[in-house]
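Listed below, chain by chain, are the residues.
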Amino acid sequence: MNSSISRISKILIETLITGNQVKARSVLERARLKNPASPELWKRAIELEKRVSGNEIADRLLSRAMQECAASGSLWAEAIECASRPARKVNLTSVFLCF
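Residues numbered from 1 in each chain as written. Predicted model: local features only at pLDDT ≥ 70, side-chain atom pairs only at ≥ 80, totals over all residues. Heavy atoms only, no water.

Turning our eyes to something else, we now look at helix H3 (residues 39–52). Its 14 residues place the ends of H3 20 Å apart at the C-alpha level, agreeing with the 20 Å of an ideal helix rising 1.5 Å per residue. Looking one or two residues past H3, glycine 54 carries a phi angle of roughly 105 degrees, positive in sign. (Helix = DSSP H or I, 4+ residues; strand = E, 2+ residues; numbered from the N terminus. Expected span 1.5 Å × (residues − 1).)

Written out as structure tokens, the structure is:
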């Protein structure tokens, strides 16, 4: 699976260099359909949306990622980092209750 993620990363880099965000989104969407429980793919999609569209779409994508990969530490870290300061304490409590 790591080889497929590195291959997808290479495609994403090429599409972002050429400015083709539509293709980058398409590649990530297809990859997530085949591997819905891959936190790495979800994180790459969230990072792409932060760069291209801003936080609103990235936040919605993060919510979907958290549903698919609830036990992913990297996604929890991303959710806590993206949360506003007052909400961070609540998110940290949720993390500890989940495990």
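Now that the structure has been shown, the text picks up again.
Attention now goes to a positive patch on the surface. Together, Arg7, Lys23, Arg30 and Lys34 make up a positively charged patch on the protein surface. Considering the arrangement of structural elements, one finds arginine 30 in helix H2 (residues 21–34). (Patch = residues over 30% accessible without salt bridge, like charges linked within 9 Å, V, L, I, M, F, W, Y side chains within 5 Å. Areas by Shrake-Rupley, 256 points an atom, 1.4 Å probe, with all protein chains shown as cover. Salt bridge = Lys/Arg side-chain N within 4 Å of Asp/Glu carboxyl O. Lys, Arg positive; Asp, Glu negative; His and termini not counted. Charge placed at Lys NZ, Arg CZ, Asp CG, Glu CD.)

Here we come to the pattern of salt bridges. As enumerated under the stated definition, the model contains 5 salt bridges in all. Across the salt bridge formed by glutamate 78 and lysine 50, the nearest N and O atoms sit 2.4 Å from each other. Taken together, the residues glutamate 78 in helix H5 (residues 73–82) and lysine 50 in helix H3 connect sequence positions 28 residues apart. Given a relative accessible area of 30%, lysine 50 falls into the partly exposed group. The partner of arginine 60 in a salt bridge is glutamate 56, and the shortest N-O contact between them spans 3.5 Å. One end of the pair, arginine 60, and the other, glutamate 56, are both in helix H4 (residues 55–68), 4 residues apart, so they sit about a helical turn from each other. (Buried < 20%, exposed > 50% of the residue type's maximum accessible area, 1.4 Å probe, protein only.)

Structurally, the position occupied by serine 38 is in the loop between H2 and H3. Here glutamate 40 takes part through its side chain, which lies 3.2 Å from a polar atom of the side chain of serine 38. (Polar contact = N/O pair within 3.5 Å; in protein donor to acceptor, adjacent residues only side chain to side chain.)

Here H2 is 14 residues long and its end C-alpha atoms lie 20 Å apart, about the 20 Å a rise of 1.5 Å per residue gives. Restricting attention to buried positions, one finds in H2 the residues Ala24, Val27, Leu28, Ala31 and Arg32. One side of H2 holds all its buried residues, which, seen down the axis, span an arc of 130 degrees. Seen from the buried face of H2, the exposed residues on the opposite side, beyond 90 degrees, are Val22, Leu33 and Lys34. (Arc of directions from axis to C-beta.)

Before going further, it helps to spend a moment on the packing of H2 against H3. Between H2 and H3, the least distance of the axes is 10 Å, while the angle of their chain directions is 160 degrees. In terms of axis orientation, H2 runs roughly antiparallel to H3. Once H2 is placed against H3, the crossing between them reads as left-handed. The segment H2 lies against H3, with Gln21, Ala24, Arg25, Leu28, Ala31 and Arg32 engaging Leu41, Trp42, Arg44, Ala45, Leu48, Glu49 and Val52. Within the contact of H2 with H3, the residues separate by chemical class into 8 nonpolar, 1 polar and 4 charged. (Axes fitted to C-alpha atoms, helices over the stretch in contact; angles between N-to-C directions. Parallel < 35°, antiparallel > 145°, perpendicular 65-115°, else oblique. Left-handed = near helix turned anticlockwise from the far one by under 90°. Contact = heavy atoms within 4.5 Å. Nonpolar A, V, L, I, M, F, W, Y, C, P; charged D, E, K, R; others polar.)

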